[in-house]
There are 2 protein chains.
Amino acid sequence: MNFNLAAVNAASQKGSAMSQMQNVERQLREMILGLEVGPGEKLTERWIEGRFGASRTPVRAALLRLETEGLVARDGRGWTVSPINLAELEQIAVYREAVEVAAVRLTCSSADTSAVDVIEAMLDSCDENTPREEWHRVGMDFHIELAHLSGNEFLFRAVRDAMTRLSRARWLEVRDEAALGRAWAEHRAILAAIRLGNAEDAARLLSAHIVGSRDRLVTSLANDRRGLRARGFAVVAA
Amino acid sequence: MNFNLAAVNAASQKGSAMSQMQNVERQLREMILGLEVGPGEKLTERWIEGRFGASRTPVRAALLRLETEGLVARDGRGWTVSPINLAELEQIAVYREAVEVAAVRLTCSSADTSAVDVIEAMLDSCDENTPREEWHRVGMDFHIELAHLSGNEFLFRAVRDAMTRLSRARWLEVRDEAALGRAWAEHRAILAAIRLGNAEDAARLLSAHIVGSRDRLVTSLANDRRGLRARGFAVVAA
DNA sequence: TATACCATTTTGGGATACCAAGCCGGTATC
DNA sequence: GATACCGGCTTGGTATCCCAAAATGGTATA
């Protein structure tokens, strides 16, 4: 929330056929997910307007869409960047468990294991030289792509939306190398079970992975809550 | 899609503090769900504007929200009332199965059975004198309220949104008395299992109910497809 | 008759003007 | 000094205007 992107925006718009609304929506989403605007921070339509060099019409459209994604919320008459809500994170984990397990069971029941290799390659693309931001992205895309394999559009969207809501919290999470390694091992174990068409194992491993991730995430954020609030990030307790 | 509601709208607005946007959104949603505008029909912002006596700003906001509900869709540059899509109905059933079963398992694991009575009372409120429209609404609310019992906001919203998408198709479905009776019996059996805290039974019964409903629904619509299209309703095959 | 082409209209996207409600700061009063 | 009040300023909600692109329809030509 520091320098003006209007010029950059205008330039990038030249190259693509992207509408102002899509532009504002995408950039504002990136700012929120990238924590360039803090959870709980107030937003005014006029500030966004000036920041991105667009008028209020596309700004309002973007806000309405981001509201349905849970990234911004109405605050009385105005707008707020949604706070991190620990109770919500726990509920999302339950939701994820339901839809991701259903998706992976579907995938196991189909005979197509070739797409699993693509996902495994995604995991392989991360090594000790990979920036943390990339690990973060791949860790989310793993689950999204896994759900995509099921071929069910609704399960896919559910997982994608859930991961979007989790994104900022996962980024704030204090994770050590060991935790990342464990997560990757669990991801690989899930893929292995799918390759064997073993739905029960895959479901059990995925379920445990989601529950474990939730516990680590909520614990980490609850411990860091004071520090996060000091940085201006609203973190609502469970 | 025949007479002008602008005056009625203005009058109803007087009594409540509802904004134009909420007004347009609610009324347009009711028109779509009530099949007053047919699936597949083209919508123009200007027509909606004139119809509800609101300017384009709230109209556009309403369309954006209804788009995320899946009730309207972009059609190139314009808008369309979403067609009935049999493939989508089948995918929604899979999605419902995942989230509703998860919700009912959660509910069974809690010790509160008192709320079940409220839902049972809902079912009881329908008898041979009840208009079909009411059966239709209660049949949907049963599932929505059941998910609400879980206490998980995301499972609840998922079921509510899924039922919203199914609403028009269920309304078009040709259902005999016997089918309705069977559905109600299945609903009651599910509640009975929940009362006993028997999660496995509840899950199995609910799952079978959803799959059975889907089969009857898709079969009915596929058989009626020609007739429905003749009535101007776009029905996309599976 | 079929088709390519052009003028006109329609339509969604965006920008802007206006308004009422709420917020904030200052001031006067107790 | 605290507080109640008031006036201006900010802000979201709405209406309206403009524009480019797409649809439409009529016409001329092959």
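Residues numbered from 1 in each chain as written. Chains lettered and ligands numbered in written order. Predicted model: local features only at pLDDT ≥ 70, side-chain atom pairs only at ≥ 80, totals over all residues. Heavy atoms only, no water.

Superposition record for chain B on chain A: RMSD 0.1 Å, screw rotation 180°, translation along axis 0.1 Å. In the structure described here, the two chain copies are related by an operation that fits a two-fold rotation axis. Of every C-alpha in chain B, the one belonging to A98 of chain B sits nearest the axis of rotation, 2.9 Å from it. Comparing interface residues between copies, 100% of those in chain B also sit at the interface in chain A, which points to an isologous, same-surface contact. (Least-squares fit on C-alpha atoms with pLDDT ≥ 70 in both. Contact = heavy atoms within 4.5 Å.)

Residues and elements named next belong to chain A. Taken domain by domain, chain A holds domain 1 (6-82) and domain 2 (85-236). Here the C-alpha centre of domain 2 lies 27 Å away from the C-alpha centre of domain 1. Regarding the contact of domain 1 and domain 2, the summed buried area is about 920 Å², with carbon and sulfur atoms giving 62% of it. Remark: the boundary between domain 1 and domain 2 carries 0 salt bridges. The interface formed by domain 1 and domain 2 includes 2 residue pairs in polar contact (both at pLDDT 80 or more). A breakdown of the residues in the side of domain 1 that touches domain 2 according to their chemical character gives 6 nonpolar, 5 polar and 1 charged. (Domains from an automatic or database assignment. Buried area = accessible area lost by both parts, 1.4 Å probe. Salt bridge = Lys/Arg side-chain N within 4 Å of Asp/Glu carboxyl O. Polar contact = N/O pair within 3.5 Å; in protein donor to acceptor, adjacent residues only side chain to side chain. Nonpolar A, V, L, I, M, F, W, Y, C, P; charged D, E, K, R; others polar.)

So, about the interface of chain B and chain A. Between chain B and chain A, the contact holds 25 residues from the first and 25 residues from the second. Counting the surface lost from both chain B and chain A, the interface buries some 2000 Å², and carbon and sulfur atoms represent 65% of this. Considering only the surface of chain B that becomes buried against chain A, Q91, Y95 and F154 of chain B emerge as the three largest contributors, covering 31% of it. At the junction of chain B with chain A, the criterion picks out 2 salt bridges. For E67 of chain A, the salt bridge goes to R65 of chain B, with nearest N and O atoms at 2.4 Å. Where chain B meets chain A, there are 9 residue pairs in polar contact (both at pLDDT 80 or more). Going through the elements one at a time, helix 4 (56-68), helix 5 (86-109) and helix 8 (153-172) of chain B are the ones with two or more residues in the side of chain B that touches chain A. (Helix = DSSP H or I, 4+ residues; strand = E, 2+ residues; numbered from the N terminus.)

The immediate surroundings of DNA strand C are formed by 19 residues, with Q20, S55 and T57 of chain A together with R46 and R77 of chain B found nearest. The share of sugar and phosphate among atoms of DNA strand C within 4 Å of the protein is 42%. Per-element accounting of the surface near DNA strand C gives the leading share, 3 residues, to helix 4 (residues 56-68) of chain A. (Near = heavy atom within 4 Å.)

This brings us to the pairing of strand 2 (residues 72-75) of chain B. Residues and elements named next belong to chain B. As judged from the 4 bridges shared by strand 2 and strand 3 (residues 78-81), these two strands associate in the antiparallel manner. Residue pairing in the sheet places R74 in a bridge with W79 of strand 3. Taking the residues that link successive antiparallel strands as the turn, the strand 2-strand 3 hairpin has 2 residues, and the phi of G76 there is positive, at about 65°. (Pairing = 2+ DSSP bridges.)

Whether parallel or antiparallel, the strands of a sheet pair through hydrogen bonds between backbone atoms. Overall, antiparallel pairing links the 3 strands, which are arranged 1-3-2 (chain B) in an open sheet. Edge positions in the open sheet fall to strand 1 (42-43) and strand 2 of chain B, since each of these has one partner strand only.

In terms of nonpolar packing, the biggest core is built from 58 residues, with L89, Y95 and L221 of chain A together with L89, Y95 and L221 of chain B touching the most fellow members. Counting residues in hydrophobic clusters, the runner-up holds 40 residues, among them L28, L64 and L66 of chain A together with I32 of chain B. (Core = buried A, V, L, I, M, F, W, Y, C linked by side-chain atoms within 4.5 Å. Buried < 20%, exposed > 50% of the residue type's maximum accessible area, 1.4 Å probe, protein only.)

Moving on to the protein's contact with DNA strand D. In the neighbourhood of DNA strand D, 19 residues make up the surrounding shell, with R46, R60 and R77 of chain A together with Q20 and S55 of chain B lying closest. At 2.3 Å, a side-chain N or O of R46 of chain A approaches a base nitrogen of DNA strand D. Only helix 3 (45-52) and helix 4 of chain A together with helix 2 (20-33) and helix 4 of chain B provide two or more residues apiece to the surface near DNA strand D. Of the residues belonging to the surface near DNA strand D, the class tally is 4 nonpolar, 6 polar and 9 charged.

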